[in-house]
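# Residue-level structural notes
What follows is each chain in one-letter form.
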Amino acid sequence: MLDSVHNALFAGENFRRLMEGLGLTLWISFLSVVLSIALGIPAGLLMSSKNKFLRGFFRLYLEFIRVMPILVLLFFFYYTLSRYSAINLSPFFVSVMVFTMWGVAEMADLVRAAVTSIPAHQRESGRALGLSELQINFLIILPQAIRRLLPGVINLTTRMIKTTPFVFFINMVDLFKVGQQIVEVSGMRDRMASVWVYGFIFILFFVICYPISLFSRYLENKYQSA
Amino acid sequence: MPESQMVLEIRNLVKSYGERLILNGISLDIHEAEVLVVIGPSGCGKSTLLRCLNGLEPINSGDIYLDGGLITGPDTDWCEIRQKIGMVFQSYELFPHLTVIDNILLGPTKVQKRKRADVIPEANNWLERVGLLDRADAYPRQLSGGQKQRVAIVRALTMQPKVMLFDEVTASLDPEMVREVLDVMLELATQGLTMVIVTHEMGFARAVADKVIFMDKGVIVESAGPEEFFDHPQSERAKRFLNIFEFTGIHRVAAG
Ligand SMILES: Nc1ncnc2c1ncn2[C@@H]1O[C@H](COP(=O)(O)OP(=O)(O)OP(=O)(O)O)[C@@H](O)[C@H]1O
Ligand SMILES: [Mg+2]
């Protein structure tokens, strides 16, 4: 059995390729998460603004992204767009773009919820002390919003990481694709190969996502009582 | 009567929310070291009046002077004015992410740019006087309602305001905590702090007030000293309002 595990995971280039796949998976997740946070914060602030038009626009966008399966978006921007237009996007670009489109929508909604959950009298108390609006935002609203935001952002991060295997379907050689290629080759000789390879991938995802999820629970407990 | 300095002067203040007229021509003087108690039925505009005094609500017309200077002009810097007009609200309004001492130091250090080390002795002194020196490093969530309100009062006082506005600061407290907060305010009154107090605690109002104004439907109906107002209210509306609080009084007369 050890032989079979060894062959599936470590024979030839297998391990290096698996790690490369993992690297790509994490790289796509990382870029998408960072972009989503960077773009989601201003979008969320706009969503919580008084402007009805802006609010409505973001609401519509969020609902659209939520009902649309990620896979459909990936297929649309990769296959459909290149077939029926001159636009030819690389699978890597499409992956990051689609995950960011999703992440921004969710992130903006988290920011909106965090900011609007801060009671109005917090702002008033700041005003009554003579603080300027800018000081109120940075010293009172933002510190509280960030605490409420953190668990949700971490949760979104794990959701994005574990959704990345979808890029497999647009020919990205991510962790999942590498696994499948190994199984295809070794599976001829050893039927257990798929168990080891997918089991290994399972463990990798668990090892990455579980600590993040634990950390989020820790933060939630820490700030819940505030 | 000696001529004392005027701290706040309100002339013909009018305020409406949309079509609804809330304050309909309020004129009022508040002298240095004077304690003015504002009473009146719910919705008569007491909170709105206080909020207009420190610019939390824009007004429609009228003038407000602080220390003789007009503060309702077009280019009033409210951040400047609010340092001189402290306010404590009904709802607990400490900043939950800051400790007691940091709540208190925020205004003095960020708005008045005073040095932390310079303000701390003053803050501690106030905390000691309201009996909370040992809670300086606690977070608001670790305090009772009464303790939170006492901290809120200290937070406003550490800005060294000319006048303090109190809007029903005991209204959301459990009965056993009301007293500790009222005692702090009584002490401030005896020390000569200028205060405008909105309250539904009639016994306290009588004890603390130099002058009582009774408001109804956005106007001042009566304005008198506390004994005069509580013992001999002039208007029907004031009599009816005071009757609401009269259960024990009737009882005592019948028994004695
Ligand atoms: N932001 C607002 N928009 C519209 N109407 C308001 C607003 N704030 C207060 N009002 C109305 O103005 C009137 C006066 O309110 P205010 O809070 O000043 O009353 P109050 O005398 O403080 O009453 P209470 O004793 O219940 O605190 C009320 O009828 C209230 O409904
Ligand atoms: Mg009120």
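What you see is a predicted model, and the numbers here were worked out from it, not measured in a lab.

Now for the confidence of the model for chain B. Averaged over every residue, the pLDDT of chain B is 92; residues scoring 70 or more account for 95%. Here the complex is predicted with pTM 0.79, and the ipTM for its interfaces comes to 0.89.

Our next topic: the site of ligand 1. All names here are of chain B. For ligand 1, the set of nearby residues contains 13 residues, the closest of which are Arg20, Ser42, Lys46, Ser47 and Thr48. Within the backbone of Cys44, one N or O atom sits 3.3 Å away from an oxygen atom of ligand 1. Here an oxygen atom of ligand 1 sits 3.0 Å away from a polar atom, N or O, in the main chain of Gly45. Across the complex, the protein chains shield 62% of the 630 Å² of accessible surface that ligand 1 would expose by itself. Those elements giving two or more residues to the shell around ligand 1 turn out to be strand E2 (20–31) and helix H1 (46–53). At three residues, H1 tops the list of elements feeding residues into the shell around ligand 1. Grouping the amino acids of the shell around ligand 1 by side-chain chemistry returns four nonpolar, six polar and three charged.

This part covers the confidence of the model for chain A. For chain A, the average pLDDT comes to 87, and 98% of its residues sit at 70 or higher. Per-element averaging of pLDDT across chain A places helix H1 (residues 2–10) of chain A at the bottom with 79 and helix H6 (residues 120–128) of chain A at the top with 93.

All names here are of chain B. Ordered in space as E2-E1-E4-E5, the four strands form an open sheet in which the pairing is antiparallel. Of all the strands in the sheet, just E2 and strand E5 (69–70) have a single pairing partner and so form its edges. When strand E1 (residues 6–17) meets E2, the two strands line up antiparallel, connected through nine bridges. Within E2, the residue paired with Glu9 across the bridge is Asp29. Sitting on the sheet, H1 touches E1, E2 and strand E4 (61–66), and the angle it makes with E1 is about 120°.

Residue and element names in this part refer to chain A. Applying the stated criterion to the full structure yields 17 aromatic pairs over all chains. Plain terms: the ring middles of Trp27 and Phe30 are 6.1 Å apart, the flat faces sit at 15° to each other, and that makes the pair stacked. Within this pair, Trp27 and its partner Phe30 are both found in helix H2 (residues 14–47), separated by three residues, close to a single helical turn. Overall, Trp27 belongs to the partly exposed group, its relative accessible area being 44%.

Here we take up helix H5 (residues 91–116) of chain A. With 26 residues, H5(A) should cover 38 Å at 1.5 Å per step; its first-to-last C-alpha distance of 37 Å lies within 8% of that length. Burial within H5(A) is extensive, with 19 of its 26 residues counted as buried.

Turning our eyes to something else, we now look at the pattern of salt bridges. All names here are of chain B. Scanning the model with the defined rule gives 25 salt bridges over all chains in all. Glu57 serves as the salt-bridge partner of Lys15, at 3.7 Å between the closest nitrogen and oxygen. Remark: Glu57 occurs in the loop between H1 and E4 and Lys15 occurs in strand E1; sequence separation between them is 42 residues. Classification of Lys15 as buried rests on a relative accessible area of 3%.

Further remarks concern the pairing of strand E7 (residues 163–167) of chain B. Residue and element names in this part refer to chain B. In terms of burial, E7 is a largely internal element, five of the five residues being buried. Alternating positions in E7 separate into two faces, Val163, Leu165 and Asp167 on one and Met164 and Phe166 on the other, with burial throughout. Sheet topology note: the strand E6 (residues 85–88)/E7 ladder contains four bridges and is parallel. Residue pairing across strands places Met87 opposite Leu165, the latter belonging to E7.

With that settled, consider the interface of chain B and chain A. Facing 23 residues of chain B, the contacting portion of chain A comprises 19 residues. Buried area between chain B and chain A, summed over both chains or domains, comes out near 1,900 Å², and the portion from carbon and sulfur atoms is 63%. Three residues stand out in chain B for area buried against chain A, namely B:Phe95, B:His97 and B:Arg141, and they jointly supply 29% of the buried area on that side. Seen at the junction of chain B and chain A, the total is one salt bridge. The shortest N-O distance in the salt bridge between B:Arg51 and A:Glu124 comes to 2.5 Å. Applying the counting criterion to the chain B and chain A interface returns five residue pairs in polar contact (both at pLDDT 80 or more).

Our focus in this paragraph is a nonpolar patch on the surface. Together, A:Phe202, A:Ile203, A:Phe206, A:Val207, A:Tyr210 and A:Leu214 line one region of the surface with nonpolar side chains, adding up to about 600 Å² of accessible area. By relative accessible area, A:Tyr210 is classed as partly exposed at 37%.

It is worth spelling out the pairing of E1(B) at this point. All names here are of chain B. A loop of two residues connects E1 with E2, the two strands running antiparallel in sequence, and Gly18 in this loop sits at a positive phi of about 60°. In this sheet, E4 lies alongside E1 in antiparallel orientation, the contact comprising five bridges. By the bridge assignment for E4, Leu8 is matched with Leu66.

So, about the environment of A:Ser48. Residue and element names in this part refer to chain A. Within the secondary structure layout, Ser48 lies in the loop between H2 and helix H3 (52–67). As a C-alpha pair, Ser48 and Asp3 span 45 residues in sequence and 58 Å in three-dimensional space. Sequence-distant contacts of Ser48, defined by excluding residues within four places in its chain, comprise Arg112, Val115 and Thr116. A distance of 3.1 Å separates a polar atom in the side chain of Ser48 from the backbone oxygen of Leu45.

Definitions and limits used
- Residues numbered from 1 in each chain as written.
- Chains lettered and ligands numbered in written order.
- Predicted model: local features only at pLDDT ≥ 70, side-chain atom pairs only at ≥ 80, totals over all residues.
- Heavy atoms only, no water.
- pLDDT = per-residue confidence, 0-100.
- Near = heavy atom within 4 Å.
- Polar contact = N/O pair within 3.5 Å; in protein donor to acceptor, adjacent residues only side chain to side chain.
- Areas by Shrake-Rupley, 256 points an atom, 1.4 Å probe, with all protein chains shown as cover.
- Helix = DSSP H or I, 4+ residues; strand = E, 2+ residues; numbered from the N terminus.
- Nonpolar A, V, L, I, M, F, W, Y, C, P; charged D, E, K, R; others polar.
- Pairing = 2+ DSSP bridges.
- Contact = heavy atoms within 4.5 Å.
- Axes fitted to C-alpha atoms, helices over the stretch in contact; angles between N-to-C directions.
- Phe/Tyr/Trp six-rings, centres within 6.5 Å; stacked < 30°, edge-to-face > 60°.
- Buried < 20%, exposed > 50% of the residue type's maximum accessible area, 1.4 Å probe, protein only.
- Expected span 1.5 Å × (residues − 1).
- Salt bridge = Lys/Arg side-chain N within 4 Å of Asp/Glu carboxyl O.
- Buried area = accessible area lost by both parts, 1.4 Å probe.
- Patch = residues over 30% accessible without salt bridge, like charges linked within 9 Å, V, L, I, M, F, W, Y side chains within 5 Å.

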